[in-house]
Each structure stands twice: as C-alpha cells, then as structure tokens.
Amino acid sequence: MTDIVMNSSPRPTDHNQDRAAKASDAVKRGLKKRYAAERRFKAYGITAIAIAMGFIAILFGTIISNGLPAFSETVIKLEIDVSEEIIDPTKERDPAVIRAANYRKLVFDDFRALFPDVTARRDKRDLTKILSSGATFEIQRLVTEDPGLIGKTIILEVPVAADFDLYNKGVISRDVGEDDRRLKDKQLDWFDALVEKGMIETRFNTTFFTHADSRDPELSGILGAAAGTFFTMLVTLMLSFPIAVAAAVYLEEFAPKNKLTQIIEVNINNLAAVPSIVFGLLGLAMFISFFGLPRSAPLVGGMVLALMTMPTIIIASRAALKAVPPSIREAALGLGASKMQVVGQHVLPLAMPGILTGTIIGMAQALGETAPLLMIGMVAFIVDVPGSITDPATVLPVQVFLWADSPERAFVARTSAAIMVLLGFLVFMNALAVLLRKKFERRW
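The structure displayed is predicted, hence computed values, not measured ones.

Asker: Would you explain the overall build of the protein in this entry?
Answerer: Each helix and strand counted, the protein has 18 helices and three strands in total. Against the compact-globule benchmark of 22 Å for 444 residues, the protein has a radius of gyration of 35 Å, which places it well outside the compact range. By its C-alpha atoms, the protein is 150 × 65 × 35 Å across when sized along the principal axes. Sequence separation of at least 24 residues holds for 75% of the intrachain contacts in the protein that already meet a minimum separation of 6. Surface summary for the protein: the accessible area is close to 25300 Å², and the carbon and sulfur share equals 61%.

This is how it looks when you write it as structure tokens:
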C-alpha cells in the first residue's frame, strides 16, 4: 500500500518571528520619533508665535506709553483785561488796527501782575516762558472775531509751554539737578504757585486734532497732515483703481496669450517688488521736472502712490477674476450674451469682493509710505491745512518723520501719538478688507 503524504502550510519559524518582532519594534520606534518630531515642530511654531507676539506687545506698549501724554494738555486760566488803550486807542473799531494790536503786552502784563515780587528783567523773562506763544494768538483771535470784548475782562484758557507741560505730567522731575534740565528752580516754584492757586488744569488735547504743524510742540497737531493724507489717498484711489481693474480685466479676459502679454505680466509682477523710493524718483523726474507740476502737493503724491499701488491691485484683481468658475462664463455665453456682457454683468460683479480687498490692501500700503513722498518734496514744513489737491501739504508718515527728527523732547509724545493714529487707520482699512471679504465672498 502506498503511503499518501499530506502537504500543509509551513508554520513560521522562530527566525521569522524574530524578524517580524524587530520590524514591529522598528515601526513603533519610527512612529514614536515622528510623533516626537511633530510635537517639537509644533512647539517651535508656538514658541515663534509667542516671541513674535511678545515683540509686538513691546512695540505697541512702547508706542502707547510714549504717546498717551500727547492726548492731554496743560492749560492755565488767565484773567485778561482787554484794555481799549492797548487794543483800539482810536476807538474806531478798525479791524486792521485791532488785528495789529500788541496782544503780547496785553497777556504778559496781566500774567506778570500775578507775581508782583518778580521785578528783575531777567526774572520777568523767565516768568513769561511759562506761557505758550499760543496765548497771544488765542486772545487775538477772540478779540478779532468779537470786538465787543474790548474793554471787558475775560477768562482765557491758554496752553503752557511744552517743558512745563512735561513737568506737570511728571516727565520732567524736580529731583533732577537744575543743571541737567531746561527749567530753573525758580520757574518751577512759580509754576507750583500757580498750581496751588488752582490756575493750572489738565484737559483733553483738542489742539492735537484741530491744528496743523507748528514749531512749538504744545501748538502742533495732525490736522494738516491728515488733510494732506486724505487728498493724497483720494488721488491715488481715483487713478489706481479704474486703471488697475481695467488692466486686470483685459489681461485676464480679452488679451491673447502670446509673448507680448507674457512680458507685460512679468513686468507687472516685477513692479510690485520694486522699492518704493524708485517710484519717488520717477515722479520727481516726470511729474515735477518734465511736466512742471507743483512740488509738495497731494496731486503729485497721489500720482506717485498710484503708480506704486497699481501692480498690487492688478495682481489681486486677476486672482479674483480667475476665482470665478468657468461655468458662469459658459452659461452666459450659452444664453447669447456677448463677451463684454459676460465680463461686465456676470464675471466682474462676482470678482468685485476680491478686487475691493486687494484695492484696500494696496491703499493701506500706500498710506504708510514715506520714501517716495520725500523725493517729491512733501517733507516741507506746512503750517496751513491744505484745501485742495494742489495746495502744499504733507502726510501722516512724513509728519511722523519730521517730529521724530526734532530735538524738542515734547515731540516724542507727538510722534508716538501720530503713529497711533496712523496705525489706527491701517488697522481700520485692513479690517474693512476682511469684512468685505466675509460679506461678499461666495463659494461654488
């Protein structure tokens, strides 16, 4: 009888079991290392974010702490006798005579009368340094506007000089030696005497928002720079938005795909990375030297910033147009719409949220630019508030530059306060871009 041998699948050997166990351990070790690497990478990212937020907090904390004193001002209440003998000796109420009167004598005589013991000429000069030069202009403005005040006694609140304002806010300490500060001990004694009499008050600094630039820190404000910024941004928006959107629509929807359009697209992308000062040099050479447009005017500043902003708006607009699904175009064409109708009535409205977002971001970038405006002369000292796009003006970033370069200590607070206002505008514009994106964004 023949024995029949039954074959069965071989059982794994001890060697195979060891190999499988080692492989399993290797896989577990690899997973463990990978998970550890992922945790380290996450920790590095969190640490980097924390460090960045810490530096941002330090930056904003420094700006805010330095800028807060600028939002308050120290004023002195003076009882002024508007003497007719000084203001209008002819008694004819001639506006020219009233305007040219010696208001300095009027204010300083009444102020010196508060300290009858101060008789030396030098001491009198040191005493009157407590008052800001704005006191003279303020009483002149009031009497010129209302000649009926002549012959009466009025209560006038005028700012004190910048150094005494800093002393009242605690920035200048009396503990510092007299040789190490600009204020003399006797001046501080006189100021403290005014405080004891209740003639010194601290109030919100409306001057900072209602006046233009000044050589005196206590009289300087941002209204002129804010008006110049408004006119400059208006010109920038009126020029850059329609031209950039039209260029984006043509390149994305109508332009043939050839070497010429490729060269144009490459140059647009390159222009977005060109340093801003190059656009300032271009504006100086073309708009001022060649075309003879006025220097230091929002018109030229807006044109220069429009050149700088257009590449950013074009790139953002093209991206928004590409995001519109092709089915929208095909459906409109299938219903008999022309190419222009498809773009104007269907594609462009759907892409407008992205276009507006890119425009606001480009305008925010232009709002913070300084270098191109310095090249066209918008660094001039402007004491008047501009009334049109052709009036001499400056802008907020340049105003910050001017105040930061000033040796007066009181301008430190003005500089930080102006930076706070500028950052507020930038945050508002970026927040507006986000809100527009959220409100009008459509998903397909």
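Asker: When you look at the sheet that holds strand S2 (residues 153-159) in this model, what are you seeing that I'm missing?
Answerer: The strands that make up a sheet are held in pairs by hydrogen bonds between backbone atoms, and each pair lies either parallel or antiparallel. Taken in spatial order, the three strands make up an open sheet running S2-S1-S3, and their pairing is antiparallel. The open sheet has two free edges, formed respectively by S2 and strand S3 (200-204), since each of these has just one partner strand. Strand-to-strand twist in this sheet, taken as the mean axis angle between neighbours without regard to direction, amounts to 40°. Sheet topology note: the strand S1 (residues 72-81)/S3 ladder contains five bridges and is antiparallel.

Asker: Explanation requested: the pattern of salt bridges in the structure shown.
Answerer: Side chains that differ in charge, positive against negative, can pair when their charged atoms come close. Scanning the model with the defined rule gives 23 salt bridges in all. With its nearest N and O atoms 2.2 Å apart, the salt bridge here joins Asp189 to Arg174. One end of the pair, Asp189, is in helix H8 (residues 185-196); the other, Arg174, is in the loop between helix H7 (162-168) and H8, with 15 residues separating them in the sequence. Asp189 gets classed as partly exposed once you look at its relative accessible area, which sits at 39%. Relative accessible area serves as the criterion here: at 31%, Arg174 is assigned to the partly exposed category. Measuring nitrogen to oxygen at the nearest pair gives 2.5 Å for the salt bridge that ties Arg174 to Asp192. One end of the pair, Arg174, is in the loop between H7 and H8; the other, Asp192, is in helix H8, with 18 residues separating them in the sequence. Assessed through its relative accessible area of 23%, Asp192 is described here as partly exposed. Each of Glu73, Lys77, Glu157, Glu201 and Arg203 takes part in salt bridges that share partners, so that together they form one network.

Asker: Sorry, what's going on with a nonpolar patch on the surface here?
Answerer: Nonpolar side chains collect at one region of the surface, where Ile49, Met53, Ile56, Leu59, Phe60, Ile64 and Leu68 lie side by side and expose about 650 Å² of accessible area between them. Tracing the sequence through the fold places Ile56 in helix H1 (residues 14-67). Accessibility expressed as a relative area gives 40% for Ile56, which makes it partly exposed.

Asker: Can you help me understand the domain arrangement of the protein in this one?
Answerer: Accessible area lost upon the coming together of the parts serves often as the stated size of an interface. When cut into domains, the protein gives domain 1 (2-68), domain 2 (72-211) and domain 3 (223-440). The C-alpha centroid of domain 3 is placed 45 Å from the C-alpha centroid of domain 2. Residue-level contacts link 10 residues of domain 2 with 10 residues of domain 3. Carbon and sulfur atoms make up 58% of the surface buried where domain 2 meets domain 3, a total of about 790 Å² over both sides. One salt bridge in this structure joins Arg182 and Glu408, with 3.2 Å as the shortest N-O distance. At the surface where domain 2 touches domain 3, the tally comes to three residue pairs in polar contact (both at pLDDT 80 or more). Within the residue set of the side of domain 2 that touches domain 3, elements represented by two or more residues are H7 and helix H9 (207-210). Per element, the largest residue contribution to the side of domain 2 that touches domain 3 is three residues, and it comes from H9. Split by residue class, the side of domain 2 that touches domain 3 holds six nonpolar, three polar and one charged.

Rules and cut-offs
Residues numbered from 1 in each chain as written. Predicted model: local features only at pLDDT ≥ 70, side-chain atom pairs only at ≥ 80, totals over all residues. Heavy atoms only, no water. Helix = DSSP H or I, 4+ residues; strand = E, 2+ residues; numbered from the N terminus. Rg over C-alpha atoms; globule rule 2.2 N^0.38 Å. Contact = heavy atoms within 4.5 Å. Areas by Shrake-Rupley, 256 points an atom, 1.4 Å probe, with all protein chains shown as cover. Pairing = 2+ DSSP bridges. Axes fitted to C-alpha atoms, helices over the stretch in contact; angles between N-to-C directions. Salt bridge = Lys/Arg side-chain N within 4 Å of Asp/Glu carboxyl O. Buried < 20%, exposed > 50% of the residue type's maximum accessible area, 1.4 Å probe, protein only. Patch = residues over 30% accessible without salt bridge, like charges linked within 9 Å, V, L, I, M, F, W, Y side chains within 5 Å. Domains from an automatic or database assignment. Buried area = accessible area lost by both parts, 1.4 Å probe. Polar contact = N/O pair within 3.5 Å; in protein donor to acceptor, adjacent residues only side chain to side chain. Nonpolar A, V, L, I, M, F, W, Y, C, P; charged D, E, K, R; others polar.

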